[in-house]
Structure formats: C-alpha cells, structure tokens
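Descriptive structure summary
Next come the chains, spelled out residue by residue.
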Amino acid sequence: MAAGTMTLSDIQRLENEHQPPLYAKREIALVRGEGPYLFDSDGRRYLDAMSNYGVAILGHADPEYAAAMADQLRTLATGHQSFYSDVRAELLGELAAIAPAGLTRSFLSNSGAEAIEAALKFARVATGRPNLVAAKRGYHGRTLGALAVTADQKYRAPFEPLAPATVHVSFNDADALDAAVGDDTAAILLEPIQGEGGIWPASTEYLQAARRIADERGALLIADEIQTGFRTGEPWAITPSGVTPDILVTAKALANGFPIGLTMCTEAISEAIPSGGHGTTFGANPLACRAAVVTLRALRDRDLYAQSTRIGQAIMDRLTALDSPKIRQVRGRGMMIGVELKERVTPTLRGLQERGVLVLPAGATTFRLLPPLVWESEQIDEFMEAATQVLT
Ligand SMILES: *Cc1c(COP(=O)(O)O)cnc(C)c1O
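As a starting point, this report considers the structure included with it. (Residues numbered from 1 in each chain as written. Predicted model: local features only at pLDDT ≥ 70, side-chain atom pairs only at ≥ 80, totals over all residues. Heavy atoms only, no water.)

Let's talk about the sheet that holds strand 7 (residues 185-190)
This is how it is decided: At least two DSSP bridges between two strands are required for those strands to pair. For the purposes of this entry, the term helix denotes a DSSP run of H or I that reaches at least four residues, the term strand denotes a run of E that reaches at least two, and both are numbered from the N terminus. Inter-axis angles, ranging from 0 to 180 degrees, are taken between N-to-C directions of lines fitted to C-alpha atoms, where helices are fitted over the stretch in contact.
Strand order in the open sheet formed by 7 strands is 4-12-11-10-7-5-6, with mixed pairing between adjacent strands. Single-partner strands in this sheet number two, and they are strand 4 (105-109) and strand 6 (166-169). This sheet shows a mean twist of 20° between the axes of neighbouring strands, independent of strand direction. Taken together, the 3 bridges between strand 10 (residues 220-224) and strand 11 (residues 247-250) define a ladder with parallel strand orientation. Of the residues in strand 11, the one forming a bridge with alanine 223 is leucine 248.

Side note on the packing of aromatic side chains
Note the threshold: Here a Phe, Tyr or Trp ring, Trp counted by its six-membered ring, pairs with any other such ring whose centre lies within 6.5 Å, and the pair is stacked when the planes are under 30 degrees apart, edge-to-face when over 60, and tilted otherwise. Only protein chains enter the accessibility calculation, which uses a 1.4 Å probe; a residue whose area is less than 20% of its type maximum is buried, one above 50% is exposed, and one in between is partly exposed. Over a ring means this: the NZ of a Lys or the CZ of an Arg is within 6 Å of the ring centre and within 35 degrees of the ring normal.
Scanning all chains against the criterion turns up 5 aromatic pairs. Considering the side-chain rings of phenylalanine 171 and tyrosine 206, the 5.5 Å spacing of their centres and the 75° angle between planes classify their relative orientation as edge-to-face. On the criterion of sequence distance, the pair formed by phenylalanine 171 in the loop between strand 6 and helix 8 (174-180) and tyrosine 206 in helix 9 (residues 204-217) is long-range, its members being 35 residues apart. Judged on exposure class, the residue phenylalanine 171 and its partner tyrosine 206 are both buried. For the ring pair tryptophan 375 and phenylalanine 383, a centre distance of 6.3 Å and an interplane angle of 45° mean the geometry is tilted. The class for tryptophan 375 is buried, based on a relative accessible area of 0%. Sitting above the plane of the phenylalanine 39 ring, arginine 32 keeps its charged end 4.0 Å from the centroid.

A short note on the pattern of salt bridges
Put simply, the test is: A carboxyl oxygen of Asp or Glu within 4 Å of a side-chain nitrogen of Lys or Arg is what we treat as a salt bridge.
The final tally for this structure, using the stated rule, is 22 salt bridges. Note that arginine 45 and glutamate 382 form a salt bridge whose closest N and O atoms lie 3.2 Å from each other. Of the two residues, arginine 45 sits in strand 3 (residues 45-48) while glutamate 382 sits in helix 14 (residues 377-391), which places them 337 residues apart along the sequence. Overall, the relative accessible area of 41% leaves arginine 45 in the partly exposed class. Using a relative accessible area of 26% as the deciding quantity, one classes glutamate 382 as partly exposed.

Concerning the site of the ligand
Our working rule: Any residue with a heavy atom lying within 4 Å of a molecule or strand is counted as near it. We define a polar contact as two N or O atoms separated by no more than 3.5 Å, with the added condition that, inside protein, one atom must be a possible hydrogen donor and the other a possible acceptor, whereas residues neighbouring each other in sequence contribute only through side-chain atom pairs. For the accessible areas, the method is Shrake-Rupley and the probe is 1.4 Å, while residue cover comes only from the protein chains on display. Residue polarity follows a fixed list, in which Ala, Val, Leu, Ile, Met, Phe, Trp, Tyr, Cys and Pro are nonpolar, Asp, Glu, Lys and Arg are charged, and the others, Gly among them, are polar.
Around the ligand, the neighbouring residues are Ser111, Gly112, Ala113, Tyr139, His140, Gly141, Glu191, Asp224, Ile226, Gln227 and Lys252. Glycine 112 has a polar backbone atom sitting 2.8 Å from an oxygen atom of the ligand. At a separation of 2.8 Å, an oxygen atom of the ligand approaches a polar backbone atom of alanine 113. If the ligand stood free it would expose 380 Å²; the protein chains cover 82% of that surface. Residues belonging to the shell around the ligand are distributed by class as follows: 3 nonpolar, 5 polar and 3 charged.

Structural data, given as structure tokens:
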C-alpha cells in the first residue's frame, strides 16, 4: 500500500501492533505540511504551533529548503569525517559566524541527546572530574548519559543507576548552585529557558552567578540550547545575559527537520579531547550539513529572527490581554511561549486540537507554543480565535 492511500485506521493498526508503546498518541496521522500548516490523513488542516517540538523552524515543505535537499541528494548524501567535505566546511563557516565568543570548535552529531553526550564526555576529559550539577525540571535527553542529567523521575527511575553522578538543584537559585558545585564537578548544565519543564526563563543574575561559580571552582558551564536555539529572536537564548558558556549544545531547529546535533566548545576543551576519543558514522554528513546551511541562511536572509521577536511578543501580549480565568501566567521569549493554567492542561490541548490548532504540553499544567518562525499576523489571529474559545 502506497503512503498517502492509507486510512487512519490502517495507519493506527500498523503503528500500534509494531511499535513498543512508548508514546501516548493523538488520534491523528500527519501526512503533509505546508508552511505554518499540517494536514492529516483525512485532509483536515491544522495550524502548527509546535513545529514537531521546535524542529520545523522554517515551516513545512519550504520550497528553497526542499530544492536544496533534493540537489544535495543528487550530488552526495553521505560522507565520513575522515574525509573533507565542501558542504561541511561551508556549515562550519556559518557556525563560526554565530558562535558565542571563544567557542571556536564544533562537533556535529545526529540528535540532541547525542550532542549532550559529547558535551558530557568533553567536560569530563577537559576537567578530569566525574560529576555534574544540573537543574530540577531540566531536560537534556534520554540516552543513558543525557538521562543522568535530566531531572524528571518519570524518565530516570526505571533505568537507574545512572552515571555520571548528578546533583539537581532548584532552577534560578544561585545559592543552591553555589552549595552544590565542588572540586569533583566537571560542569554545570543549564537550559537558558527550561523547555520541557514548563518554559521557565533563567534570570540574567542566575546565569551570571553560574558563570562566576563555575570559574571559581574550576568547573565548566554548559548551555543546553537544544530547544531555545534560533527561536528567541537571535541564535542563542543565553546571549542577552552577557554570559558565554564553555560548551553550547543545540539540535532541534538547526537543520529544520533533518536530524542533527551540535556541540560547540572552546579551544582549550577541544585540545583536551584525544584523537579518536569521540565520533559518529552519520554525523556531519553532507546532507545534514546542507540542511543546516540552508536553514541558517534562510533565518538570516528572510529576517526571521526579527519577525519571531515581533510575532512572539504579539502572541504573549494578546494571551495576557485575554484575561482568562484559566490562565495563571504567560512566559517566554520570541517563539518559545508557555501558558501556565490553573488546572490540568489536557482538556485545553484537546480543545485547541478540535479547533484545528496543535500545541504541546510542558508539564502537567502548562501548554507550550513552539511555532515555525514563519507565522504572520494571520496565524496569530487564527490561534487567538481558538485560544479565546477554549480559555474564556
Ligand atoms: C529535546 C531536548 C533534548 C534532547 O534532544 P533529542 O534530539 O530528543 O535527543 C535535550 N535538551 C533539551 C533542552 C531538549 O529540548
């Protein structure tokens, strides 16, 4: 049976019979996308306010992106890093132009969790220390190393014991961080805005304290920008704080949907990594690199950073003005917005979905918008119409 001819029940039966039951699935099969919209197997259209957890930053089926990927597939798709590559070199040039000061070295892999694994290994080998400090509510991925720094017991408990040893401290509490970082701490790991945990921005003072505490104790500071990267009005959400991390990790939006992970580090850390000490077969392949090059250029050339600041602020202003009895707080920056409710979030997710709008949860009582940056005022109006019906 060809894709596109399957009914929802065909699709559901095959997925439910042949996958481990890891996901609570919605009763929708997504089969097509176009700009800010997604379409299901019955042809119904949805406004995409989630972009697959923040991945499809240019929207869906972007013609320029699709043409570049097709061209790269016809040219060269795969290539190991033991050879040089023109497209990889191009991407490294693009990344150098947006890297925080001093983060001169980029290790490319295939996912967020893999990028975190690299960061943890680099921090260990550069400091000679075993342990980590991360934040409660923090999310860093679900491979064994990344899981060790992820806080939520729901993800951790079935797989313990986990290494490396991690102390989880309250987020935005500099004193707790100060008390937790010691002589055996390789790195402090923080999201500049906690994503899965509920869209909680770190305060500037907190990030500055983290930098100072890391420096005082000889630990490294790792910024996990896997979710925040490229959607807060500039490439990095940590930039406005004036803090430069020693390692910066990103993934989700970097290649607009093609799997990729990026771990940037300083010259000093890079020098400590032994040759052959890390690697990946798929990482930095020409197709992934082309995807990232096209994405980064589109974000810049189409002025999408400025647009996302404008649109994101307008969404937050209108949600705040809604004066909804259900809303406790609206938080976020750019196109990373959390709406904390005074009740459980599931009925609101369902209500929005029934009205053709797809958003994500972020914890039990918060829903989250991670829209493609290509939203215009038309999409804000569409979203607000559904949100007004569901929340007031
Ligand atoms: C999604 C996410 C990860 C994990 O990325 P995967 O690609 O799902 O492995 C890690 N950290 C943060 C902040 C994330 O949002």
